[in-house]
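# Observations on chain architecture
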Amino acid sequence: MCGIVGYVGSEQAGPILLDGLSKLEYRGYDSAGIAVRNDETGEFQIVKAKGRLHELYIKTDGGRTTKGTCGIGHTRWATHGEATEINAHPHYSDDKNVVGVHNGIIENYQELKEKLTRKGYSFYSETDTEVVIKLIDYYYKKYLGTPVDAINHTLVRIRGAYSLAVMFKEYPGEIYVARKDAPLVVGRADGASLCGSDVSPMLKFTRTVYYIDDLQLGKLTKDGVTFYNLDGDEIEIEPKTVNWDAEAVEKCGFEHFMMKEIHEQPKAITETLNAYIKDGVFDLSAAGIEDDKLKTYQRIYIVACGSAYHVGVAAKYVFEKMAHVPVEIDIASEFRYRDPILMKDSLFVVISQSGETADSLAALRLVKEKNIDTLAVVNVTGSSIAREADYVMYTYAGPEIAVATTKAYSCQLINMYLLSMAFARAKGLTSADELDKLIKALYALPGQINEIIGDKERIQWFASQFSTSQDIFFIGRGIDYAIGLEGSLKTKEISYIHSEAYAAGELKHGTISLIDKGTLVISVATQDALYEKTVSNIVEVKSRGAYLMGITNSGNYNIENTVDFVVYVPRTEQYFTTSLAIVPLQLLAYYISLARGLDVDKPRNLAKSVTVE
Ligand code: F6R
């Protein structure tokens, strides 16, 4: 969704804002703009462009046509009003006294627009953002107060989810920021202050950041940052150090972030394991979770969206088999509106890479109101979900830029395995030897993933044969079904080929009628106990003319009697096969997208961080 950057310091702001916006491109956008306050004239130079950031880059000569050391920038993902230059941010008050950018949605903007119209304001765009900026201007003039007063008056009146960065002509060298239920981070560097929708635009300058809370406000100047509450009183916010480096947000020689991130999986998994396993013993105390507490939970609810939900589907099989805990899993946007009946002695687990997904956050809040313990599995430090859950089990994937998740998904799986092992240990269901064996298997995963990636050319060849497919079906049973769900989502989101995943046994209850001569069916068969059953289902589709790709464990050579193309993955513990079998499917989706000449990292209509419901 929209991205915000801001810079105030001694350097020219324009090129820094453009560079910062390029780090936020992954969030998804359809227009962009910057506003820089000219240090000499005090006027704002506002430049906007529809389409890719490149258009804005050309228009501003990489930001150099704007002159000034204080500015804000924005990538817009259209919600209120089409993706046009007029609707692009920054927006400004009639006299260009107040200029600002916004991420999120203002629910009561119509009512506020009417009020402002009655007060003599006119509107040039269809956006809710213009309404907010003009409301700030209205309060600024009405109460003759400071920017902090004007913004606070506005925050009290607006409803919805938002983050804002605003400049005032009469306050040179100052940027004001505020947020509610949408991400915004403030960074402090030597002689400069920055803000961003996440830390990636500021990593070149600093790793010292401040996470402001809902309805708090920040003032950024070259010399420092000051924070305020809704009453306008100064408040202290603890600075935090980010452990991501600037390289993490560069492609480092890879053609796309997605391929880089596929290659980063072994490292990300090792770092995630190392966070919870010390000297061969695993311990979730870093997440505040004690075995004694786990013993008390009778069931687990897992709620998430998209790929994170697929992690939950795989985890359900692991928890139920390994730890004998019943698991209920739901999609966050469904869960939050279905009046779920929740039992007290339960643990609610929300999984989210960004930690800002609106539906997942709403589900978490709903559960918290019912006094049920909540655990977040989150990648972004200081994100809303991480801050609001009772326990946080971070994943250590580093920044994930490609819209299609790979390494964060893989790390989420690791956390769920560890949580399941902790449950099994707490309930006395597993011996120390068995746990040692599982830990060894977990540490073997990075090397095994590297082996799979090492064979990527074979998958590239296969992808080139099927890049013009109309439909691709994925089938599997148990954990293999969960793998198929994720493989299918990866394929459709970046290749735009229609794809569906089915529990293999369900196919003949309707969907098999879609199988025709040459239809590509990808069957996942990594579970020994279900292998023969899945093979029977493969035979069923084969006899309807399907072209079969099979993914199975090394050694299951008899699959070659049935399928046309096989990818063998190394053997691991039955619980962990998702971590290996997903890698060829990530590569397949990547190469199909590449063969079709699509924008792999930024697929159409999608945003990385879905901060609206
Ligand atoms: C697909 C993908 C999405 C996300 C989903 C949840 O590749 O990345 O389906 O998994 O939007 O996002 P987070 O994990 O940030 O809550």
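Scroll up for the structure.
Below is a short write-up of the structure.

Helix and strand content of the protein: 18 helices and 27 strands. Here the C-alpha radius of gyration of the protein, 25 Å, is about what a compact globule of 613 residues would show, namely 25 Å. Seen through its C-alpha atoms, the protein measures out along the principal axes to roughly 80 × 55 × 45 Å. The long-range fraction of contacts in the protein, counting pairs at least 24 apart against all pairs at least 6 apart in sequence, stands at 72%. Put simply, the protein shows about 22,800 Å² of open surface, and 48% of that area lies on carbon and sulfur atoms. When the 65 basic and 81 acidic side-chain charges of the protein are each reduced to a single mean position, those positions are 2 Å apart.

I302, F348, V349, L418, M421, F423 and F576 are the most contacted members of the largest nonpolar core, which totals 146 residues. The dominant element in this core, judged by the number of residues it contributes, is helix 13 (residues 407–426), at twelve residues. Beyond its immediate chain neighbours, meaning those up to four positions away, I302 contacts G312, A315, F319, V327, E328, I329, D330, V349, I351 and M416. V98, I106, Y139 and I151 belong to the second-largest nonpolar core, a separate cluster that totals 27 residues.

This next bit is on the site of the ligand. Neighbouring residues of the ligand: 14 residues in total, closest S352, Q353, S354, T357 and E493. Here an oxygen atom of the ligand and a side-chain polar atom of S354 are 2.7 Å apart. In this structure, an oxygen atom belonging to the ligand sits 3.3 Å away from a main-chain N or O atom of V403. Class assignment of the residues belonging to the shell around the ligand gives a composition of five nonpolar, seven polar and two charged.

This part takes up the packing of helix 14 (residues 432–454) against helix 18 (residues 577–595). Packed helix pairs are characterised by how far apart their axes lie and by the angle those axes make with each other. For the pair helix 14 and helix 18, interaxial distance at closest approach is 10 Å and the crossing angle is 30°. In terms of their interaxial angle, helix 14 and helix 18 are classed as roughly parallel. Helix 18 is crossed by helix 14, and the crossing has right-handed handedness. The residues of helix 18 that touch helix 14, namely those facing L445, Q448, I449, I452 and I453, are S579, L580, V583, P584 and L587. Classifying every residue of the contact of helix 14 with helix 18 gives eight nonpolar, two polar and no charged.

Each value, and the rule that gives it
- Residues numbered from 1 in each chain as written.
- Predicted model: local features only at pLDDT ≥ 70, side-chain atom pairs only at ≥ 80, totals over all residues.
- Heavy atoms only, no water.
- Helix = DSSP H or I, 4+ residues; strand = E, 2+ residues; numbered from the N terminus.
- Rg over C-alpha atoms; globule rule 2.2 N^0.38 Å.
- Contact = heavy atoms within 4.5 Å.
- Areas by Shrake-Rupley, 256 points an atom, 1.4 Å probe, with all protein chains shown as cover.
- Lys, Arg positive; Asp, Glu negative; His and termini not counted.
- Charge placed at Lys NZ, Arg CZ, Asp CG, Glu CD.
- Core = buried A, V, L, I, M, F, W, Y, C linked by side-chain atoms within 4.5 Å.
- Buried < 20%, exposed > 50% of the residue type's maximum accessible area, 1.4 Å probe, protein only.
- Near = heavy atom within 4 Å.
- Polar contact = N/O pair within 3.5 Å; in protein donor to acceptor, adjacent residues only side chain to side chain.
- Nonpolar A, V, L, I, M, F, W, Y, C, P; charged D, E, K, R; others polar.
- Axes fitted to C-alpha atoms, helices over the stretch in contact; angles between N-to-C directions.
- Parallel < 35°, antiparallel > 145°, perpendicular 65-115°, else oblique.
- Left-handed = near helix turned anticlockwise from the far one by under 90°.

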